[in-house]
Amino acid sequence: MNNMWGDMSQYSEIYWPWPIAIYLFLAGLSAGATMVALLVKWNRHESEQNSIWDAMIRAGAITAPLTICAGLLLLIFDLGKPLTFYLLLIKFNFGSVMSLGVLALLIYVPFSFVFALCVFGEEICKFKLLAFLRPIVNLLSSFAKASKLFERVLFILALCVGAYTGFLLSAVMKIPLWNTPVLPILFLLSGFSSGIAASILVGLLFFKGSLNKDSIKYLLVLDLRAILFEIPLLFILFVGMYFEGGTSALAAQQALTHEVYGKIFWIGVLGTGLIAPIIIAFTALKNHAYKPAFIVLNSFVVLCGVILLRYYIVYAGQICTGA
């Protein structure tokens with residue numbers, strides 16, 4: 001298996017390598033970006049005719065399908081038999097978390113593309129080579145815009161995909177760090193946080209002409225709230241493992257004090273991904289000040305923290321087993 005950040009041969013065998021961690025990160029980010037676009041549309045501009053042009057809506061709409069497709073491609077090739085991946089799409093076991101997740105993804109991916117077409121349909125049809133897509137774009141846009149149900153279903157699907165990334169790991173009974181009901185909630189919240197950070201960065205980079213400061217401030221408040229919930233969830237995760245006793249308690253101790261993964265957790269996940277954004281929020285961005293440089297810095301450290309959280313959970317879970 002491929003390994004990340006050095007040779008892992010001195011540790012336990014890694015069955016789920018770094019592509020799985022990246023896939024979990026991208027899937028959560030995609031779900032978060034979809035939720036960001038819809039929340040901004042519903043809560044900030046629902047009564048405005050030009051709400052669809054808000055940079056945060058546009059950023060979320062384009063980020064969601066691209067990141068989920070990139071994550072799925074990474075997952076398919078990591079499985080080792082990419083040509084037989086289609087079997088997962090036609091053989092469902094409704095008692096399997098993986099099958100239920102694939103089913104959610106099977107519906108979520110095309111829905112996310114439809115939403116992106118609703119947002120960018122006019123720009124797409126301006127290209128002569130793509131003019132033939134206008135009837136399809138008009139049909140899909142009319143369907144999606146005419147029915148609030150479409151957006152609600154898409155939001156629910158995004159919630160399912162975001163939580164599924166945690167359920168996928170928590171279903172593995174033999175690994176104490178994974179087998180906890182806290183993980184799906186933690187991954188959902190951190191995925192939402194990464195979706196906010198990615199949408200803000202994409203909006204600032206590519207959609208400057210349609211930036212809305214109020215939307216960015218709204219998302220920064222949501223991001224801070226998500227982070228403030230993530231910290232106690234991490235505390236509950238490890239305290240729960242400790243009081244469970246036995247191998248779970250030992251695994252928690254190993255994961256927090258490991259010479260490599262302990263540092264990743266305390267410095268990367270907690271320090272960079274959670275504490276640093278809180279400090280930025282209460283200093284440089286105090287009173288919701290619009291300071292682009294600090295907003296970019298805040299988004300960057302959030303993304304670093306979320307990807308390190310996925311890496312930490314995937315690798316430390318397999319290595320720190322309490323054995």
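Residues numbered from 1 in each chain as written. Predicted model: local features only at pLDDT ≥ 70, side-chain atom pairs only at ≥ 80, totals over all residues. Heavy atoms only, no water.

1. What about the nonpolar core?
- With 104 residues, the main nonpolar core has Leu-177 and Tyr-312 as its most contacted residues.
- With 17 residues, the top contributor of residues to this core is helix H1 (residues 18-44).
- Dropping the residues within four chain positions of it, Leu-177 is found in contact with Leu-183, Leu-237, Phe-238, Met-241, Ala-255, Tyr-312, Ile-313, Ala-316 and Gly-317. (Core = buried A, V, L, I, M, F, W, Y, C linked by side-chain atoms within 4.5 Å. Buried < 20%, exposed > 50% of the residue type's maximum accessible area, 1.4 Å probe, protein only. Helix = DSSP H or I, 4+ residues; strand = E, 2+ residues; numbered from the N terminus. Contact = heavy atoms within 4.5 Å.)

2. Quick word on the UniProt feature "transmembrane region" (unreviewed entry) in the chain
- On the UniProt side, "transmembrane region" (unreviewed entry) is annotated at positions that read residues 20-40, 52-77, 97-120, 153-173, 185-207, 219-243, 263-285 and 292-313 here.
- Helix makes up 100% of residues 292-313 and strand makes up 0%, while its end C-alpha atoms are separated by 32 Å. (UniProt positions renumbered as here; feature names shortened; annotations may be inferred.)

3. Digging into the side chain of Glu-230
- Looking at the element boundaries, Glu-230 is found in helix H8 (residues 213-244).
- Here Glu-230 is buried and forms no salt bridge, its nearest opposite-charge partner Arg-310 lying at an N-O distance of 6.7 Å.
- Discounting residues that sit within four places of it in the chain, Glu-230 has contacts with Leu-186, Leu-189, Ser-190, Ser-193 and Leu-274. (Lys, Arg positive; Asp, Glu negative; His and termini not counted. Salt bridge = Lys/Arg side-chain N within 4 Å of Asp/Glu carboxyl O.)

4. Re the packing of helix H6 (residues 148-170) against helix H7 (residues 182-206)
- Contact geometry of H6 with H7 gives a least axis separation of 7 Å together with a crossing angle of 140 degrees. Between H6 and H7, the angle falls in the class oblique. Relative to H7, the crossing made by H6 is right-handed. Taken together, the residues of H7 that come into contact with H6 (itself represented by Leu-159, Gly-162, Ala-163, Thr-165, Gly-166, Phe-167, Leu-169 and Ser-170) are Leu-183, Pro-184, Phe-187 and Leu-188.
- Of the residues belonging to the contact of H6 with H7, the class tally is eight nonpolar, four polar and no charged. (Axes fitted to C-alpha atoms, helices over the stretch in contact; angles between N-to-C directions. Parallel < 35°, antiparallel > 145°, perpendicular 65-115°, else oblique. Left-handed = near helix turned anticlockwise from the far one by under 90°. Nonpolar A, V, L, I, M, F, W, Y, C, P; charged D, E, K, R; others polar.)

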